[in-house]
Amino acid sequence: MNIKEGKKKVLNSYKEFDKILKILLIIGIIVVSGFIIYAVLTPEPGYWYFGILNSDKKAENYPTNAAVDENITFYISVGNYLNRDFSFHIEILKGNNDTILGSSPSLNATSFVNSSTITLQHREVWISSAFNVSFSQAGMNQIIIAELWEIPSVGIRRFYDVVYVRLNITF
């Protein structure tokens, strides 16, 4: 092989490499553009919040001790960021050591009060009127439970979330 043939092969190799590189760059630009378009056009997933507020309507300094028949005052707050209307009701329950709490409705708890149906639009926040709960017996691990139930426009209500406060009730 002479020098001219060697240079020709090297030039052909560079030309082929250049073509492959251009094709890969175009494919890369298309793929990255697709991800950008997907990220821009896909809405953020919705969320809600549900919480217990203390007697000052703040999410802090919850009572941990109370006396028998002493009123414990609290509020419930719900925020709707689900990108749709959200209809719900709140159920307030009382429980103790036998109460089972989790990602489903509370077991071995006594219903204390239910709210009426409330509908929040997207980005709307609701704070309840004051709830007053008292316990007639002393005991450790007495629980005030608030359950959030969705009321769909069609179908039956469904459990959404639970929050609670544990108290030690003394004489």
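Description of the structure in this document. One numbering rule holds for all chains: residues counted from 1, following each sequence as written. In keeping with the predicted nature of the model, local features appear solely for residues at pLDDT of at least 70, side-chain atom pairs appear and are counted solely at 80 or more, and the whole-chain, interface and lining totals rest on all residues. Side-chain descriptors were evaluated using all non-hydrogen atoms of the structure, hydrogens and water having been removed beforehand.

Within the protein, the secondary structure is distributed over 1 helix and 10 strands. Only DSSP runs of H or I reaching four residues or more are called helices, and only runs of E reaching two or more are called strands; each is numbered from the N terminus. The secondary structure elements of the protein, listed N-terminal to C-terminal, are α-β-β-β-β-β-β-β-β-β-β. Radius of gyration: C-alpha atoms only; globule rule: 2.2 Å multiplied by the number of residues to the exponent 0.38. Its C-alpha atoms give the protein a radius of gyration of 30 Å, clearly above 16 Å, the size a compact globule of 171 residues would have. Taken over the C-alpha atoms alone, the protein extends approximately 105 × 35 × 30 Å along its principal axes. Contact definition: two residues touch when any of their heavy atoms are within 4.5 Å. The contacts of the protein with a sequence gap of at least 6 include a subset with a gap of at least 24, amounting to 71%. Accessible areas in this description were obtained via Shrake-Rupley with a 1.4 Å probe; residue shielding takes into account the shown protein chains only. Approximately 11,600 Å² of the protein is accessible, and the part contributed by carbon and sulfur atoms is 57%. Asp and Glu count as negative and Lys and Arg as positive, but His and the ends of the chain are not part of the count. To locate a charge, the coordinates of NZ of Lys, CZ of Arg, CG of Asp or CD of Glu are taken. For the protein, the separation between the mean place of its 15 positive charges and that of its 15 negative charges on side chains is 23 Å.

Planes of paired rings set the category: under 30 degrees apart is stacked, over 60 is edge-to-face and the rest tilted, where pairs are Phe, Tyr or Trp rings (Trp by its six-membered ring) whose centres lie within 6.5 Å. Within this structure, the stated rule accounts for 8 aromatic pairs. Relative to Phe131, the ring of Phe74 has its centre 5.5 Å away and its plane inclined at 25°; by these criteria the two rings are stacked. One end of the pair, Phe74, is in strand 3 (residues 72–81); the other, Phe131, is in strand 8 (residues 131–133), and 57 residues separate them in sequence. Taken as a pair, Phe74 and Phe131 share a single burial class, namely buried. Each residue gets one of three labels from its accessible area relative to the maximum for its type: buried under 20%, exposed over 50%, partly exposed in between, using a 1.4 Å probe on protein chains only.

Before going further, it helps to examine the side chain of Glu150. Structurally, the position occupied by Glu150 is in strand 9 (residues 139–150). Residue classification places Glu150 among the buried positions, given a relative accessible area of 6%.

This part takes up unusual backbone geometry. A positive phi angle, close to 60°, is found at Lys57, a residue other than glycine. Structurally, Lys57 can be placed in the loop between strand 1 (47–53) and strand 2 (65–67). According to the relative accessible area criterion, Lys57 is partly exposed, its value standing at 45%.

With a probe scaled to a water molecule rolled over the atoms, the places where space remains empty come into view. Note on definitions: the grid is 1 Å and covers protein atoms alone; a cavity is a set of points where a 1.4 Å probe fits but cannot get out; a pocket is an open set with protein on both sides within 12 Å along at least five of seven lines; lining residues have an atom within 4 Å of a point. Grid points are joined across faces, edges and corners, and a volume is the space filled by probe spheres set on the points. A volume near 190 Å³ is recorded for the largest pocket. Residues that form the lining of the largest pocket fall into these classes: 2 nonpolar, 8 polar and 1 charged. Of the pockets and cavities examined, the second largest pocket occupies roughly 150 Å³. In this structure, the second largest pocket is lined by 13 residues; those nearest its centre are Asn54, Ser55, Asn61, Pro63 and Thr73. At the level of elements, strand 2 and strand 3 are the ones that each hand at least two residues to the lining of the second largest pocket. Here the lining of the second largest pocket is composed, by residue class, of 3 nonpolar, 6 polar and 4 charged. Side-chain classes are defined by residue name, with Ala, Val, Leu, Ile, Met, Phe, Trp, Tyr, Cys and Pro counting as nonpolar, Asp, Glu, Lys and Arg as charged, and the others, Gly among them, as polar.

The values are spatial; any link to function lies outside them.
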